[in-house]
Amino acid sequence: MQHPWNDLRRLSEEVNRAFNDALSQNGDGTNVVTSSWAPAVDIRETTESFVLAADIPGVEPKDIEVTMEKGVLTIRGERKLEAREDGGEQGFRRVERLHGAFHRRFSLPDSADAEGITARGAHGVLEIVIPKKKTVQPRRIEVG
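Residues numbered from 1 in each chain as written. Predicted model: local features only at pLDDT ≥ 70, side-chain atom pairs only at ≥ 80, totals over all residues. Heavy atoms only, no water.

A. Focus on the overall build of the protein chain. Helix and strand content of the protein chain: 1 helix and 7 strands. Listing the helices and strands of the protein chain from first to last along the sequence gives α-β-β-β-β-β-β-β. Taking all 144 residues of the protein chain together, 19% fall into the buried category. When contacts within the protein chain are restricted to residue pairs at least 6 apart in sequence, those whose partners lie at least 24 apart make up 53%. Total accessible area on the protein chain stands at roughly 11,600 Å², and carbon and sulfur atoms take up 50% of it. (Helix = DSSP H or I, 4+ residues; strand = E, 2+ residues; numbered from the N terminus. Buried < 20%, exposed > 50% of the residue type's maximum accessible area, 1.4 Å probe, protein only. Contact = heavy atoms within 4.5 Å. Areas by Shrake-Rupley, 256 points an atom, 1.4 Å probe, with all protein chains shown as cover.)

See the structure below:
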């Protein structure tokens, strides 16, 4: 006879495994864990540039690393857990904001100018501007 607790333990292990698999799945389909959380990022394109806006509240701009290598833009940093005191008489505490290291990578098109990238942080938003390379326009040459 099978013990009922074995079934419950097995179910719990399967749920934990599924949850962990979902958390470790990156946007590129790999299962390599790159960060504890990932900031939301908006990307827009203008005629002159690509602009990324990442929500990173609670992280000082000086603590964010932005690199560009081989056509891949990488944003790294860490949001530290604030020291909190237990609240109320019963010691309840609630922490919903994610913390820990973050790491986002973006493949950029060949038209991106890596030398002209600028980044600034204000009000919890990191804005990265990636200018486009100047395209050489065809020139008509008069035959004399």
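B. Broad picture of the side chain of Arg 79. Looking at the secondary structure, you find Arg 79 in strand β4 (residues 72-79). Under the relative-accessibility criterion, Arg 79 is labelled buried at 9%. In this structure Arg 79 touches Trp 37, Pro 57, Gly 58, Val 59, Leu 98, His 99 and Gly 100, once residues within four positions along its chain are discounted.

C. Seen up close, the pairing of strand β3 (residues 65-69). Pairing analysis gives 5 bridges linking β3 to β4, with the strands arranged antiparallel. Counterpart to Met 68 in the pairing with β4 is Leu 73. Linking two consecutive strands that pair antiparallel, namely β3 and β4, is a turn of 2 residues; a positive phi of about 50° is found at Lys 70 within it. (Pairing = 2+ DSSP bridges.)

D. Representation of the sheet that holds strand β5 (residues 100-107) within the structure. The 3 strands lie next to each other as β3-β4-β5, forming an open sheet whose pairing is antiparallel. Across the chains shown, the open sheet's two edge strands, defined by having one partner strand only, are β3 and β5. Sheet twist, expressed as the average angle between the axes of neighbouring strands with direction ignored, equals 15°. (Axes fitted to C-alpha atoms, helices over the stretch in contact; angles between N-to-C directions.)

E. The packing of aromatic side chains, seen in detail. According to the stated counting rule, one finds 1 aromatic pair in the structure shown. Its end group placed over the ring of Phe 50, Lys 132 keeps NZ or CZ at 5.1 Å from the ring centre. (Phe/Tyr/Trp six-rings, centres within 6.5 Å; stacked < 30°, edge-to-face > 60°. Lys NZ or Arg CZ within 6 Å of the ring centre and 35° of its normal.)

F. Layout of the sheet that holds strand β6 (residues 118-122). Read from one edge of the open sheet, 4 strands run β1-β2-β7-β6, paired in antiparallel fashion. Both outer strands of the open sheet, β1 (41-45) and β6, are each paired with one neighbouring strand and no more. Strand-to-strand twist in this sheet, taken as the mean axis angle between neighbours without regard to direction, amounts to 15°.

G. The arrangement of the pattern of salt bridges in detail. In the structure shown here, the tally under the stated rule is 3 salt bridges. Residues Lys 132 and Glu 45 are paired through a salt bridge, measuring 2.5 Å at the closest nitrogen-oxygen approach. Of this pair, Lys 132 sits in the segment after β7 (125-131) while Glu 45 sits in strand β1; the two residues are 87 residues apart in sequence, bridging distant segments of the chain. Classification of Lys 132 by relative accessible area gives buried; the value is 17%. For Asp 63, the salt bridge goes to Lys 62, with nearest N and O atoms at 3.4 Å. Note on Lys 62: relative accessible area 68%, which makes it exposed. (Salt bridge = Lys/Arg side-chain N within 4 Å of Asp/Glu carboxyl O.)

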